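Analysis of the macromolecular model
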Amino acid sequence: METTLATVRVSRRGPGRPKTRPRRLIGDKAYDSERTNAWLSQFRRLVVRHEHLLTVYLGFFHIACAMIALRQL
């Protein structure tokens, strides 16, 4: 979330540079699940779902989760 907030630019009503630190922040409860879905959408095999067997699909899902976790380290 910090990297997302670092890119926020709030425009002013008049002339001048946009503000980089908003006075308040409004977020929804589903922010973390929306972010997880975005990470998982990078794996085409999960998005398109080529696998017909649920066990094979779940295997690729767990591999994708492990790769996402390792990238965050």
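Higher on the page you've got the structure.
Residues numbered from 1 in each chain as written. Predicted model: local features only at pLDDT ≥ 70, side-chain atom pairs only at ≥ 80, totals over all residues. Heavy atoms only, no water.

Looking only at helices and strands, one finds four helices and zero strands in the protein. Counting from the amino terminus, the protein carries its helices and strands in the arrangement α-α-α-α. Against the 2.2 N^0.38 benchmark of 11 Å for 73 residues, the protein shows a C-alpha radius of gyration of 18 Å, more extended than a compact globule. If you line up the protein on its principal axes, its C-alpha atoms span 60 × 25 × 20 Å. Looking at the protein residue by residue over its 73 residues, the buried ones come to 10%. The contacts of the protein with a sequence gap of at least 6 include a subset with a gap of at least 24, amounting to 29%. Summed over all atoms, the accessible surface of the protein reaches about 6,900 Å², with 57% contributed by carbon and sulfur. Side chains of the protein carry 14 positive and 5 negative charges; the gap between the two charge centres is 12 Å. (Helix = DSSP H or I, 4+ residues; strand = E, 2+ residues; numbered from the N terminus. Rg over C-alpha atoms; globule rule 2.2 N^0.38 Å. Buried < 20%, exposed > 50% of the residue type's maximum accessible area, 1.4 Å probe, protein only. Contact = heavy atoms within 4.5 Å. Areas by Shrake-Rupley, 256 points an atom, 1.4 Å probe, with all protein chains shown as cover. Lys, Arg positive; Asp, Glu negative; His and termini not counted. Charge placed at Lys NZ, Arg CZ, Asp CG, Glu CD.)

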